[in-house]
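Geometric and topological summary
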Amino acid sequence: MEKINASIDFDRRLYAQDIAGSKAHCRMLMRQGIVSRKDGQAILRGLDRVRAQIEAGRFEFRTSLEDIHMNVEARLAELIGSAAGRLHTARSRNDQIATDFRLWVRDAIDGLDHQMRDLQAALIDQADRNAATIMPGFTHLQVAQPVTFGHHMLAYVEMVGRDRSRLADCRARLNESPLGAAALAGTSFRIDRQMTARELGFDRPMANSLDAVSDRDYALEFLSALSISAVHLSRLAEEIVLWTSAQFGFVRLSDAYTTGSSIMPQKRNPDAAEIVRGKAGRVIGALLALLNMLKGLPLTYGKDMQEDKEPTFDAADTLSLSLAAMTGMVRDMAPNKAALRAAAAVGFATATDLADWIVRRIGLPFRQAHHIVGSLVKLAERDGRALSDLSLREMREVEPRITKAVYNVLTVERSVASRTSYGGTAPDNVRRQAKAARKRYL
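Residues numbered from 1 in each chain as written. Predicted model: local features only at pLDDT ≥ 70, side-chain atom pairs only at ≥ 80, totals over all residues. Heavy atoms only, no water.

All right, on to a nonpolar patch on the surface then. A surface patch of nonpolar side chains, about 300 Å² in accessible area, is lined by Val231, Ile284, Leu288 and Leu291. The biggest single contributor to the nonpolar patch is helix 11 (residues 271-294), with three residues. Tracing the backbone through its elements, the reader meets Ile284 in helix 11. The exposure class of Ile284 is partly exposed, given its relative accessible area of 31%. (Patch = residues over 30% accessible without salt bridge, like charges linked within 9 Å, V, L, I, M, F, W, Y side chains within 5 Å. Areas by Shrake-Rupley, 256 points an atom, 1.4 Å probe, with all protein chains shown as cover. Salt bridge = Lys/Arg side-chain N within 4 Å of Asp/Glu carboxyl O. Helix = DSSP H or I, 4+ residues; strand = E, 2+ residues; numbered from the N terminus. Buried < 20%, exposed > 50% of the residue type's maximum accessible area, 1.4 Å probe, protein only.)

In structure tokens form, the structure reads like this:
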């Protein structure tokens with residue numbers, strides 16, 4: 001029973017939030033005259049000593065005391081005597097853990113937001129350096145149209161920007177204080193919940209005491225945002241795995257982010273990217289675990305809710321490590337410009353440019369132009385040639401109004417330069433977008 005009931009092995013990491021909540025509660029009790037100034041000051045000094053002992057590694061966490069709250073309170077009693085018992089007036093472990101956990105998630109959001117900002121900075125730097133580096137754009141992993149490497153990097157800047165926005169929304173919604181809800185029904189003591197909310201940086205106290213002790217929406221929202229972010233990292237990791245392969249050869253990672261093989265000395269494996277890709281499942285699993293734990297719980301608190309912390313802690317730690325690894329890889333990777341340019345020139349990547357030219361210069365509807373270009377692609381494909389290798393005579397046999405000016409749009413350089421619409425891949429666009437992203441996000 002002791003083993004299954006105790007949570008101290010994992011909730012000990014809430015010690016800073018637990019002590020901060022206790023100090024705010026103590027100051028409120030003093031101001032309201034519920035605890036004397038003498039006892040209150042002793043409690044505050046004692047809590048500072050407890051925190052110092054924990055941070056110095058001189059605190060003995062005891063499983064017999066179940067959780068972080070009882071461990072801190074027991075040590076406080078050893079340090080200051082019976083006055084420690086007054087600290088728990090007008091509160092319960094139910095509102096105490098709800099407060100601690102909200103504070104921890106809020107702190108975790110702030111830390112992850114900083115890491116996401118660093119990743120965006122690395123991506124923007126790559127975009128700036130490679131605004132005109134041509135590469136193939138893919139749909140269905142088939143060559144579609146030429147784009148630039150910088151443009152590709154900026155796509156992930158936007159994804160991470162939305163990840164940060166989701167975390168900011170989560171932070172705003174969670175920033176209400178459960179403290180003072182007590183076990184579930186509130187308290188008969190004349191407490192000031194507005195004061196403790198302000199002391200802890202919350203916007204307001206939670207309006208309903210039942211909801212205050214039982215709500216874990218903020219943890220679900222946090223894990224949902226982390227899961228989406230992990231999926232974004234996994235998508236980029238997958239691309240890095242492909243790009244570093246011999247079959248693609250688009251980028252190179254240094255030894256800092258690759259490993260060798262135990263029997264194949266030529267190998268340079270993108271292990272960091274593969275691990276980031278794999279860890280996405282772990283973060284998603286944490287969200288599913290918490291959803292399943294909560295789905296059958298009646299109001300208010302059940303000991304099942306002890307299971308909210310381990311998956312949340314693990315998901316936050318996992319995403320933090322993944323962000324650090326991905327930021328390092330993005331800064332480390334060196335694009336192979338020649339290989340990227342060569343890959344963009346195959347697979348008839350300028351076919352859409354040819355269709356657009358026919359619409360603009362000849363005035364045909366796009367669907368008809370699409371059909372004409374399809375016929376030209378088949379002609380070139382039959383002989384293993386590119387569209388630009390077709391003679392003007394061969395093109396005119398399909399559409400007599402084509403002129404030699406068509407060759408101006410059949411290079412990948414002209415293709416990317418022409419994509420000047422807002423959000424498009426033209427190098428000048430990419431430079432402007434990188435500058436705007438730097439201003440918006442950094």
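Here Leu179 shows up in the loop between strand 3 (176-177) and helix 8 (193-199). On the accessibility criterion, Leu179 (2% relative accessible area) is buried. Considered as a pair, Leu179 and Asp100 are 79 residues apart in the sequence and their alpha carbons are 9.2 Å apart.

Position of Asp67 among the secondary structure elements: in the loop between helix 4 (37-55) and helix 5 (68-80). Residue Asp67 is classed as buried on the basis of its relative accessible area, which comes to 8%. Engagement of the side chain of Asp67 in a polar contact is seen with the backbone nitrogen of Met70, the distance being 2.8 Å. There is a polar contact of 2.7 Å between the side chain of Asp67 and the side chain of Arg93. Excluding residues that lie within four positions of it along the chain, Asp67 makes contacts with Ser7, Ile8, Asp11 and Arg93. (Polar contact = N/O pair within 3.5 Å; in protein donor to acceptor, adjacent residues only side chain to side chain. Contact = heavy atoms within 4.5 Å.)

Charged atoms that come close allow side chains of opposite charge to pair. Under the defined criterion, the tally for this structure stands at 36 salt bridges. The partner of Asp48 in a salt bridge is Lys23, with the nearest N and O atoms 2.7 Å apart. Here Lys23 lies in helix 3 (residues 15-31) and Asp48 lies in helix 4, a separation of 25 residues in the sequence. Overall, the relative accessible area of 39% leaves Asp48 in the partly exposed class.

Our next topic: the environment of Ala380. As for its placement among the helices and strands, Ala380 is situated in helix 15 (residues 366-382). On a C-alpha basis, the gap between Ala380 and Glu394 in space is 9.7 Å, while along the polypeptide they are 14 residues apart. Those residues within four positions of Ala380 in sequence are excluded, and the remaining contacts are Phe348, Arg385, Ala386, Leu387 and Leu390.

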